[in-house]
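# Overview (structure and organization)
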Amino acid sequence: MVANCFHYFSGWATKLAGETLPVHPGFFTYTLREPVGVVGAIIPWNFPMIMVGWKAAPALAAGNCVVLKPAELTPLTAIRIGELALEAGIPPGVFNILPGKGSIAGEAMVKHPGVDKIAFTGSTEVGRHIMKLCADGMKKVSLELGGKSPNIVFADADLDAAVRGATTGIFYGKGEVCAAGSRLLVESAIHDEFVAKLAERAAKLQPGDPLDPKTRLGALVSEKQMNTVLGYVETGVGEGAKLVAGGKRAPLNGRGFFVQATVLDQVENRMRVAQEEIFGPVLSVIRFDDADDAVRKGNDIVYGLAAGLWTRDVKKAHAVARRLQAGTVWVNAYNFYDAGMPFGGYKSSGFGRDLGPDSLREYTQVKSVWISTE
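Presented here is a report on the structure given in the accompanying data block. Only a predicted model underlies this, so the values are computations on that prediction, with no experimental measurement involved. (Residues numbered from 1 in each chain as written. Predicted model: local features only at pLDDT ≥ 70, side-chain atom pairs only at ≥ 80, totals over all residues. Heavy atoms only, no water.)

Turning next to a nonpolar patch on the surface. On the surface, L21, V23, F27 and W370 cluster together into a nonpolar patch covering about 380 Å² of accessible area. Note on L21: relative accessible area 34%, which makes it partly exposed. (Patch = residues over 30% accessible without salt bridge, like charges linked within 9 Å, V, L, I, M, F, W, Y side chains within 5 Å. Areas by Shrake-Rupley, 256 points an atom, 1.4 Å probe, with all protein chains shown as cover. Salt bridge = Lys/Arg side-chain N within 4 Å of Asp/Glu carboxyl O. Buried < 20%, exposed > 50% of the residue type's maximum accessible area, 1.4 Å probe, protein only.)

If you want it as structure tokens, here you go:
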């Protein structure tokens, strides 16, 4: 996926162009699309390799220099990609890796007058702080932030496919995924049957050694994150949710920050487990009555990063997809990405786009040129 991302954007390096705009008879007028300058990229720990590609590849293709700060928990893969960039022929100083704490290295990067644009992926809280700092320096900024994405299952869906999709939507990457389908909205008519199938499937998804190719549920990133996730499970049960699968730590040979695939049923949309990003393998199941109710509950959140919906009705799929406040909507699928397809959020999930042609606008600026012909 990392190689594919760099390969895709390498094709754009020779295809960035301005436009000729005949706006006045006395002038020849056109635009130039130029690099921003120096891009400061700050990436998270949950996808420490592909995030390098998502930020650096379009920035480099647009002609910028890049200073990339990996998360303090996962610096080594970014450093290795930086070494490979030098081997590939990128000149020294064009693509730079700057490890360190966000409060030190990241803060210095955002404040530095030599950095022209900040591209950040991470929590909404940190994104707000970065945005305020960028305002002081009038820097361009793009933010890909948190999510609490609704995954909506209608009664007319292929239920077995939807169960598999709901499982992938939340337990892929142990739920440490900004676009995770962590709120599962299920139509009341199929709720009981669907939750039973889902709980059975989740129970089979046992944590395992990440070096075993058969493992589908690895360890969380740290003990702190594990305790946060388990704390949310406890909070959800205390708020009235019903634990139907998982919910406990599952160490291997007494070691590791593993948490079982967890399903909470009877969740109300007002509960913390339905409103706050848990960033772990915890799924909150919420009932809905019809399409209007599904859209209302799906949008009743501060976030707007992604959404999914499952239905055999094509008309319904198009109508609901248009009404959902989300930067990405998957229909009869979940957690699919491609370097050519833009990704980013609405509302508190940020603004700007990674990937696709739209991402290149984040790393360029437009110059208008007027040449008098009279």
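Here we take up the sheet that holds strand 13 (residues 306–310). Strand order in the open sheet formed by 7 strands is 9-10-11-8-7-13-14, with mixed pairing between adjacent strands. Across the chains shown, the open sheet's two edge strands, defined by having one partner strand only, are strand 9 (242–245) and strand 14 (328–331). In this sheet, neighbouring strand axes are inclined to one another by 25 degrees on average, regardless of whether the strands run parallel or antiparallel. In this sheet, strand 10 (residues 262–265) lies alongside strand 9 in antiparallel orientation, the contact comprising 3 bridges. Note that in strand 10 the partner of K242 across the bridge is D265. Along the sheet, helix 6 (residues 159–171) makes contact with strand 7 (150–153), strand 8 (183–187), strand 10, strand 11 (282–288) and strand 13, crossing strand 7 at roughly 170 degrees. (Pairing = 2+ DSSP bridges. Helix = DSSP H or I, 4+ residues; strand = E, 2+ residues; numbered from the N terminus. Axes fitted to C-alpha atoms, helices over the stretch in contact; angles between N-to-C directions. Contact = heavy atoms within 4.5 Å.)

Across all of its chains, the model carries 11 aromatic pairs by this definition. Relative to Y30, the ring of F28 has its centre 5.5 Å away and its plane inclined at 40 degrees; by these criteria the two rings are tilted. Y30 sits in the partly exposed class, given a relative accessible area of 24%. Judged by centre distance (5.6 Å) and plane angle (80 degrees), the ring pair of W330 and Y337 falls under edge-to-face. For W330, a relative accessible area of 7% gives the class buried. Between K117 and the ring centre of Y363, over which it is positioned, the NZ or CZ distance is 5.0 Å. (Phe/Tyr/Trp six-rings, centres within 6.5 Å; stacked < 30°, edge-to-face > 60°. Lys NZ or Arg CZ within 6 Å of the ring centre and 35° of its normal.)

The tally for this structure, following the rule as stated, stands at 17 salt bridges. Note that E362 and K117 form a salt bridge whose closest N and O atoms lie 4.0 Å from each other. Placement of E362 in helix 12 (residues 356–362) and of K117 in strand 5 (residues 117–121) is noted, with a sequence separation of 245 residues between them. Residue class for K117 comes out buried when judged on its relative accessible area of 0%. Taken together, the shared-partner salt bridges in this structure form one network comprising R80, E83 and E87.

Orientation of helix 1 (residues 2–10) relative to helix 2 (residues 50–61), taken along the N-to-C sense of each, is 10 degrees, at an axis distance of 9 Å. Comparing the axis directions of helix 1 and helix 2 gives the class roughly parallel. The way helix 1 lies across helix 2 gives a crossing that is right-handed. Of the residues in helix 2, those in contact with V2, C5, F6 and F9 of helix 1 are I50, G53, W54, A56, A57, P58, L60 and A61. Per-class residue counts for the contact of helix 1 with helix 2 are 11 nonpolar, 1 polar and no charged. (Parallel < 35°, antiparallel > 145°, perpendicular 65-115°, else oblique. Left-handed = near helix turned anticlockwise from the far one by under 90°. Nonpolar A, V, L, I, M, F, W, Y, C, P; charged D, E, K, R; others polar.)

This part is about helix 7 (residues 191–204). For helix 7, spanning 14 residues, the distance from its first C-alpha to its last is 20 Å, which sits close to the expected 20 Å at 1.5 Å a residue. Of all the residues in helix 7, the buried ones are H191, F194, V195, L198, A199 and A202. On an axial view of helix 7, the arc spanned by its buried residues comes to 130 degrees, and they lie on one face. Among the exposed residues of helix 7, those pointing more than 90 degrees away from its buried face are D192 and K204. (Expected span 1.5 Å × (residues − 1). Arc of directions from axis to C-beta.)

Within the largest apolar cluster, 34 residues are counted, with the highest numbers of intra-cluster contacts made by V52, L68 and F95. Residue assignment for this core shows that the elements contributing at least two residues are helix 1, strand 2 (38–42), helix 2, strand 3 (65–69) and helix 3 (76–88). With 9 residues, helix 2 is the largest single contributor of residues to this core. Apart from residues lying up to four places away in sequence, L68 is in contact with A41, I43, V52, K55, A78, F95, N96, I97, L98 and M109. (Core = buried A, V, L, I, M, F, W, Y, C linked by side-chain atoms within 4.5 Å.)

Among covalent bonds in proteins, the disulfide is the one between the sulfur atoms of two cysteines. Across all of its chains, the model carries 0 disulfides by this definition. Free of any disulfide, C134 has its nearest neighbouring cysteine sulfur in C65, separated by 18 Å. Free cysteine: C178, not disulfide-bonded; nearest cysteine sulfur from C5 at 14 Å. (Disulfide = S-S within 2.5 Å.)

The next thing to look at is helix 8 (residues 223–239). Helix length check: helix 8, at 17 residues, gives a terminal C-alpha distance of 24 Å against a target of 24 Å (1.5 Å per residue), a fit within 8%. Among the residues making up helix 8, those that are buried are Q225, M226, V229, Y232, V233 and G236. For helix 8, the angular spread of buried residues about the axis comes to 120 degrees, placing them on one side. Residues of helix 8 that are exposed and angled more than 90 degrees away from the buried face: K224, E234 and G238. G240 sits one or two positions beyond helix 8 and adopts a positive phi of about 120 degrees.

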